[in-house]
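Structural overview for review
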Amino acid sequence: MNIREAHEKFATDEQCLQYIQQMRWPDGVVRCPARGEKDIKRVERKAASKNRRAWFYLCLEKTCHNQFTPTSGTIFHDTHLPLIVWFQAITLMLNAKKGISAKQLQRDLGIGGYKTAWYLNHRIREVMQEGSIRKLGGIVEIDETYVGGKQRGKGVKYAIDSKDVVIGLRQRGGPLRFVQAKDAKADTVYQIIAENVDKDVDAIMTDESPIYNFKLTQYHKARHDRIKHKDRVYVRGDVHTNTIESAFSLFKRGIVGSFHKVSIKHLQRYLDEFSYRFNRRADDSAFMETVCRLAGFAPLSFGKLTSEKV
Ligand SMILES: [Zn+2]
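As a starting point, this report considers the structure included with it.

Rules used throughout
Residues numbered from 1 in each chain as written. Predicted model: local features only at pLDDT ≥ 70, side-chain atom pairs only at ≥ 80, totals over all residues. Heavy atoms only, no water. Helix = DSSP H or I, 4+ residues; strand = E, 2+ residues; numbered from the N terminus. Buried < 20%, exposed > 50% of the residue type's maximum accessible area, 1.4 Å probe, protein only. Areas by Shrake-Rupley, 256 points an atom, 1.4 Å probe, with all protein chains shown as cover. Phe/Tyr/Trp six-rings, centres within 6.5 Å; stacked < 30°, edge-to-face > 60°. Lys NZ or Arg CZ within 6 Å of the ring centre and 35° of its normal. Patch = residues over 30% accessible without salt bridge, like charges linked within 9 Å, V, L, I, M, F, W, Y side chains within 5 Å. Salt bridge = Lys/Arg side-chain N within 4 Å of Asp/Glu carboxyl O. Lys, Arg positive; Asp, Glu negative; His and termini not counted. Charge placed at Lys NZ, Arg CZ, Asp CG, Glu CD. Donors = N, O, S within 2.8 Å, 3.2 Å for Na, K, Ca; no water. Tetrahedral: all angles 85-135°; square planar, octahedral: opposite > 155°, others 65-115°.

Before going further, it helps to examine the overall build of the protein chain. In terms of regular secondary structure, the protein chain is built from twelve helices and eight strands. Counting the 310 residues in the protein chain, one finds 47% classified as buried. For the protein chain, the computed accessible surface area is about 16,500 Å², with 52% contributed by carbon and sulfur atoms.

Right, dumping it as structure tokens:
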């Protein structure tokens, strides 16, 4: 959904509220949040104001008489920010390929307070996390990069003590992961690979760095091809790390362009936000999933489809 579509689909508070109602009770049966009673009625209210909706649900259970709306007990109710603003902020963040700063969000939403924009930016980013998902398989490209001071090409030794190492892993034609690493030592990198790549992976593509060596690991049966960037060779048949490198470059343009400086403490959050969006770029249900995550409704779509069966 692009920004224009969001404006059309969610032009009024009531339209947003109806959407949340559908997400909360997908079977169409509205239930009281107290104990799930189905015996409820809709009550119209005359004195509607900015902070009071024109209607609410009343639980008819004698001992309950709870009054509620589809947003009751969710972040959307607690913050008292207009639902339209929430929905536009979510759309903007999902559509900003390189990420969006609170400052830019403030301008795009046309809202007065920076604090409000910062809050929205922060809370939405908080739910744009993958959680535990299936390990990568097929052909997996792995590469490392350095966010901040240390640059690529200065060698592994140079960055060995730096704290801004990012390991990128991407299944060709599949998901992307970015993981912040405490250093670029072989053991650290291997640990990250083991957590994210299936042992039955078909092939692993890396550069010539000695940190990638799978001979004595669970991946010893997998094909491992290296591309020799030092010799200015970037593609050899199907051997390349171009898809992970293009994801890195998009991320870096975002970091430099939108955020200027991301503190190491928050780096993993930005990495997660980036891959969350990247992995859903062709997924129409990304908006729905993000709304549900914010509201605390049962997670839907991508997260559920790709999560490991327990
Ligand atoms: Zn009730």
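Still to come is the rest of the account.
What follows deals with the packing of aromatic side chains. Per the stated rule, a full pass over the model turns up 19 aromatic pairs. Aromatic pair Phe 178 and Phe 248: ring centres 5.1 Å apart, planes at 10°, arrangement stacked. With Phe 178 in strand β6 (residues 176-181) and Phe 248 in helix α9 (residues 242-259), this pair connects stretches of sequence that are 70 residues apart. Classification of Phe 178 as buried rests on a relative accessible area of 2%. For Phe 248, a relative accessible area of 5% puts it in the buried group. Ring geometry for Phe 214 against Tyr 219: centres 5.8 Å apart, planes inclined by 85°, an arrangement best described as edge-to-face. The same class applies to Phe 214 as to Tyr 219, namely buried. Connected via pairs of aromatic rings, a cluster forms that spans Phe 10, Tyr 19, Phe 76, Trp 86, Phe 87, Tyr 119 and Phe 287. Directly above the ring of Trp 55 sits Arg 42, whose terminal nitrogen or CZ lies 4.0 Å from the centroid. Sitting above the plane of the Phe 278 ring, Arg 281 keeps its charged end 4.1 Å from the centroid.

A grouping of Lys 97, Lys 98, Arg 253 and Arg 281 is seen on the molecular surface, where their side chains present a positively charged patch. When you line up the elements, Lys 97 lands in the loop between α4 (83-95) and α5 (102-109). Classification of Lys 97 as exposed rests on a relative accessible area of 62%.

Turning our attention to the pattern of salt bridges. Using the criterion set out here, one finds 15 salt bridges in the structure. Among the ionic pairs, Arg 125 bridges to Glu 273, the shortest N-O distance being 2.5 Å. Note that Arg 125 is positioned in helix α6 (residues 114-127) and Glu 273 in helix α10 (residues 264-279), a separation of 148 residues in sequence. Among the residues examined, Glu 273 registers a relative accessible area of 1% and is labelled buried. In this structure, Glu 141 and Arg 172 form a salt bridge, with 2.7 Å as the shortest nitrogen-oxygen distance. Here the residue Glu 141 occupies a position in strand β4 (residues 139-146), and Arg 172 occupies one in the loop between β5 (165-171) and β6, the gap between them amounting to 31 residues. In this structure, a network of salt bridges that share partners links the residues Arg 35, Glu 37 and Glu 61.

When four donors bind a metal tetrahedrally, each ideal donor-metal-donor angle is 109.5 degrees, and when six bind octahedrally, the ideal angles are 90 or 180 degrees. Around the zinc ion, the donor atoms from the protein are Cys 32 (SG), Glu 37 (OE), Cys 59 (SG) and Cys 64 (SG), and they sit 2.2 to 2.7 Å away. Its four donor atoms give the zinc ion angles of 95 to 127° at the centre, a pattern that matches the tetrahedral case. Each donor residue of the zinc ion belongs to the same chain, with the gaps between them written as C-x4-E-x21-C-x4-C. Of this pair, Cys 32 sits in the loop between α2 (13-24) and β1 (40-44) while Cys 59 sits in strand β2 (residues 55-59), and the two are 27 residues apart along the sequence. Residue Cys 32 is classed as buried on the basis of its relative accessible area, which comes to 2%.

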